[in-house]
Amino acid sequence: MSLHSSTNCSNKVSSSSKHTRPEPEYYYSFSLNASDGKDTIRIQCTDPVGYELFRATASEMVKLQSADKAAFNRRIDRAVSKKRTFLCKACTVDFSGKFTFTLAINALLDA
């Protein structure tokens, strides 16, 4: 394969080797809505919690989604259709003088 750098230049860039790129590694970053009958809150989840919920890495879930959509949906349904107990932490965030708080899951207590 030859690539010309421009029409006014006589230099060529040649590549005879085939480069393989490593497969991307995916990670979990998502929100859950949790409710107790009175109110609903949004909780942020990261990679360790996603692994505990789905019993698979995010990369494995991406492969499952493309290979077997029905199995992927069953795994999602199994993970989110249960009552769960979480250990959460609350964080305050200052956005230009406006304070908000977020909840993040530290661990699933009933995994």
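Definitions and cut-offs
Residues numbered from 1 in each chain as written. Predicted model: local features only at pLDDT ≥ 70, side-chain atom pairs only at ≥ 80, totals over all residues. Heavy atoms only, no water. Helix = DSSP H or I, 4+ residues; strand = E, 2+ residues; numbered from the N terminus. Buried < 20%, exposed > 50% of the residue type's maximum accessible area, 1.4 Å probe, protein only. Contact = heavy atoms within 4.5 Å. Pairing = 2+ DSSP bridges. Axes fitted to C-alpha atoms, helices over the stretch in contact; angles between N-to-C directions. Core = buried A, V, L, I, M, F, W, Y, C linked by side-chain atoms within 4.5 Å.

Chemist: Teacher, can you tell me more about the overall build of the protein chain here?
Modeler: Per the secondary structure count, the protein chain includes 3 helices and 6 strands. Traced from its N-terminal end to its C-terminal end, the protein chain shows the element sequence β-β-β-β-α-α-α-β-β. Classification of the 111 residues of the protein chain by burial places 19% in the buried group. At a minimum sequence separation of 6, the contacts of the protein chain that also span at least 24 residues come to 34%.

Chemist: Help me understand the sheet that holds strand E5 (residues 86-95) in this model?
Modeler: Sheet strands pair via backbone hydrogen bonds, and the direction of the pair is either parallel or antiparallel. Pairing is mixed across the open sheet formed by 4 strands, whose spatial order is E3-E4-E6-E5. Edge strands, defined here as strands with exactly one partner in the open sheet, are strand E3 (29-35) and E5. For this sheet, the mean angle separating the axes of adjacent strands, direction not counted, is 40 degrees. In the sheet, strand E4 (residues 40-46) pairs with strand E6 (residues 98-108) via 2 bridges, with the strands oriented parallel. Bridge pairing links glutamine 44 to alanine 104 in E6.

Chemist: I tried to follow the nonpolar core on my own but got confused; where do I start?
Modeler: Nonpolar side chains tend to gather and get buried jointly when the protein is soluble and globular. Formed by 16 residues in total, the largest nonpolar core has its most connected members in Phe30, Leu53 and Phe54. Of all the elements in the fold, those that place two or more residues in this core are E3, E4, helix H1 (47-54), helix H2 (58-67), helix H3 (69-80) and E6. Setting aside its immediate chain neighbours within four residues, phenylalanine 30 contacts Ile43, Gln44, Cys45, Gly50, Leu53 and Phe54.

Distances and angles like these do not, on their own, reveal function.
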